Amino acid sequence: MYVLNLNTKKVIENIDENFYCKESSYAILCTPENLTFFKDILAIDETTYRDSLRYDDVTKLLLYDEYDYLSLNTFEIKEKQTIIEEVNIYLADNFILVVVTEEHFIFKLIKNIMFQSPMLEENPQVDIFQLNYFIFKEIIISGFESLEAVEDMILKIEDDLSDKINDSFSDRINYVRGLARDIVKTIRPLLYIGDRAIKENVRYLKYPEVKNFCADNMQRSDLGVDRLYNFAISTRELADKLLDIYSSKVGEKTNNLITKLTLVTAISAPLTIITGIYGMNFKHMPELSWIYGYPFILLMMFSIVIIGVIIFKIKKFL
């Protein structure tokens, strides 16, 4: 866990229960396992505390007198798999507490900002809201990067479909469609955060000295989320189209097979007739006593096959 004093712009090295002073402002970064340490110090209520300790797929914006609580889900594509994780943010008048796992990209972002304090403003209260904006901005940027990775996977499958299809394509297509659906499901709740923030008068908009700053950042975030969601929808549609392309290729392959079987039947039909005729049990069949009858019939049958193949080649059926 890390604590940055926004008044002095210094990271507190020895964090104990006496570090917190209401007259100062802080940026606090911790994992769910470390949240217990800050629970009583920052007067975190039991409901949000328990919610921050476990993952769920529900986006929440809860407003308390002491702080605003935001819980949202983020996604990343790692090794062609969707990693969906939760970020919990406590936004108070004099602190921002971010609860997230150490492996999450938001943890790395906030940690880097803490040790590069020149990225922050001179006003501690502005710093709190700016850090919150940085989180949304990073979520949007990461979302675009992950969607581009999924798009590359889709285009790769589409290119492979133009070469040769096999049974593995069905699994690949269903997998990438599942990725796209999960991403859309994760992004959709972010669309409502901006609307709810304005309607419910979150801390962003309570203070005149930072209201314009926060409103501009909220507009940028809303625009970014809208574009991200539209990109996710188009990616999902692109993934769904793969199924149509695959079905078309399978149908084309089946039709080609049926065509070839039909041509084989057409070529073999005269041969069947000939063998049927000479399989009849009549006594007086002149060719049966002809010394060259057998090789002649074989030559005729072979010629029929060759002529049939040539004709179908000319007609471009083969």
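Please read these numbers as outputs of a predicted model, since none were measured by experiment.

Here is what the cut-offs are and how they apply
- Residues numbered from 1 in each chain as written.
- Predicted model: local features only at pLDDT ≥ 70, side-chain atom pairs only at ≥ 80, totals over all residues.
- Heavy atoms only, no water.
- Helix = DSSP H or I, 4+ residues; strand = E, 2+ residues; numbered from the N terminus.
- Rg over C-alpha atoms; globule rule 2.2 N^0.38 Å.
- Buried < 20%, exposed > 50% of the residue type's maximum accessible area, 1.4 Å probe, protein only.
- Contact = heavy atoms within 4.5 Å.
- Areas by Shrake-Rupley, 256 points an atom, 1.4 Å probe, with all protein chains shown as cover.
- Axes fitted to C-alpha atoms, helices over the stretch in contact; angles between N-to-C directions.
- Parallel < 35°, antiparallel > 145°, perpendicular 65-115°, else oblique.
- Left-handed = near helix turned anticlockwise from the far one by under 90°.
- Nonpolar A, V, L, I, M, F, W, Y, C, P; charged D, E, K, R; others polar.
- Polar contact = N/O pair within 3.5 Å; in protein donor to acceptor, adjacent residues only side chain to side chain.
- Core = buried A, V, L, I, M, F, W, Y, C linked by side-chain atoms within 4.5 Å.
- Salt bridge = Lys/Arg side-chain N within 4 Å of Asp/Glu carboxyl O.
- Expected span 1.5 Å × (residues − 1).
- Arc of directions from axis to C-beta.
- Patch = residues over 30% accessible without salt bridge, like charges linked within 9 Å, V, L, I, M, F, W, Y side chains within 5 Å.
- Pairing = 2+ DSSP bridges.

When helices and strands are counted, the protein shows 8 helices and 7 strands. In terms of C-alpha radius of gyration, the protein reaches 35 Å, well past the compact-globule figure of 20 Å for 318 residues. Here the C-alpha coordinates of the protein stretch approximately 120 × 35 × 30 Å along the principal axes. Across the 318 residues that make up the protein, the buried fraction comes to 43%. In the protein, once contacts between residues fewer than 6 apart in sequence are set aside, the share between residues at least 24 apart is 62%. Here the protein displays about 18300 Å² of accessible surface, and carbon together with sulfur accounts for 55% of that area.

With that out of the way, let us pick up the packing of helix H3 (residues 105-114) against helix H4 (residues 124-161). Packed helix pairs are specified by the crossing angle of their axes together with the interaxial distance, meaning the distance between the axes. Here H3 crosses H4 at 135 degrees, and the two axes come no closer than 10 Å. When the axis of H3 is compared with that of H4, the two are oblique. By crossing handedness, the relation of H3 to H4 is classed as right-handed. Seen from H3, the contacting residues are Phe 105, Ile 106, Leu 109, Ile 110 and Ile 113; seen from H4, they are Leu 131, Phe 134, Ile 135, Glu 138, Ile 139 and Ser 142. Among the residues making up the contact of H3 with H4, the classes are represented as 9 nonpolar, 1 polar and 1 charged.

Position of Thr 31 among the secondary structure elements: in the loop between strand E3 (26-30) and helix H1 (35-39). According to the relative accessible area criterion, Thr 31 is buried, its value standing at 6%. At 2.9 Å, the side chain of Thr 31 and the side chain of Asn 34 are in polar contact. Residues contacting Thr 31, with those up to four places away along its chain left out, are Val 99, Val 100, Thr 101, Glu 102 and Phe 107.

Membership of the largest hydrophobic core comes to 32 residues, with the highest contact counts inside it found for Ile 96, Val 98, Ile 106 and Ile 110. Of all elements in the fold, only E3, strand E5 (67-78), strand E6 (81-92), strand E7 (95-99), H3 and H4 reach the threshold of two or more residues within this core. Here Ile 110 is in contact with Leu 29, Leu 131 and Ile 135, once residues within four sequence places are set aside. Phe 169, Ile 173, Ala 239 and Leu 242 belong to the second largest nonpolar core, which has 25 residues in total.

A separate point is the pattern of salt bridges. Enumeration according to the criterion identifies 7 salt bridges in this entry. When the shortest N-O distance is used, the salt bridge between Glu 46 and Lys 39 registers 3.1 Å. You can call Glu 46 partly exposed: its relative accessible area is 35%. Between Lys 156 and Asp 160 there is a salt bridge whose closest N-O contact spans 2.9 Å. Note that Lys 156 and Asp 160 are positioned in helix H4 at a spacing of 4 residues, about one turn of the helix. Look at Lys 156 and you get partly exposed, because its relative accessible area is 46%. What emerges from the salt-bridge pattern is a single network uniting Lys 39, Glu 46 and Arg 50.

A separate point is helix H8 (residues 293-314). The end-to-end C-alpha distance of H8 is 31 Å, a good match for the 32 Å that 22 residues give at a rise of 1.5 Å each. Among the residues of H8, Gly 293, Ile 297, Met 301, Gly 308 and Phe 312 are the ones counted as buried. One side of H8 holds all its buried residues, which, seen down the axis, span an arc of 80 degrees. The exposed set on the far side of H8, more than 90 degrees from its buried face, consists of Leu 299, Phe 302, Lys 313 and Ile 314. Among the residues trailing H8, Lys 316 stands out with phi positive, at a value near 65 degrees.

For the rest of this paragraph, the subject is a nonpolar patch on the surface. Nonpolar side chains collect at one region of the surface, where Trp 290, Ile 291, Tyr 292, Phe 296 and Met 300 lie side by side and expose about 560 Å² of accessible area between them. With respect to the secondary-structure elements, Met 300 resides in helix H8.

All right, on to the sheet that holds E5 then. Strand order across the open sheet formed by 7 strands is E2-E1-E3-E7-E6-E5-E4, with mixed pairing between neighbours. Here the strands that pair on one side only, and so sit at the sheet edges, are strand E2 (10-11) and strand E4 (60-63). When strand E1 (residues 2-5) meets E2, the two strands line up antiparallel, connected through 2 bridges. Residue pairing for E2: Asn 5 is matched across the bridge by Lys 10. Against the sheet, helix H2 (residues 46-53) engages E4, E5, E6 and E7, with an angle of about 155 degrees to E6.

At a closest axis distance of 11 Å, the pairing of H4 and helix H5 (residues 168-187) adopts a crossing angle of 155 degrees. Viewed along their axes, H4 and H5 adopt a mutual orientation that is roughly antiparallel. Handedness of the crossing formed by H4 with H5: left-handed. Seen from H4, the contacting residues are Leu 147, Val 150, Met 153, Ile 154, Lys 156, Ile 157, Asp 160 and Leu 161; seen from H5, they are Phe 169, Arg 172, Ile 173, Tyr 175, Val 176, Leu 179, Ile 183 and Ile 187. Residues that form the contact of H4 with H5 fall into these classes: 13 nonpolar, no polar and 3 charged.

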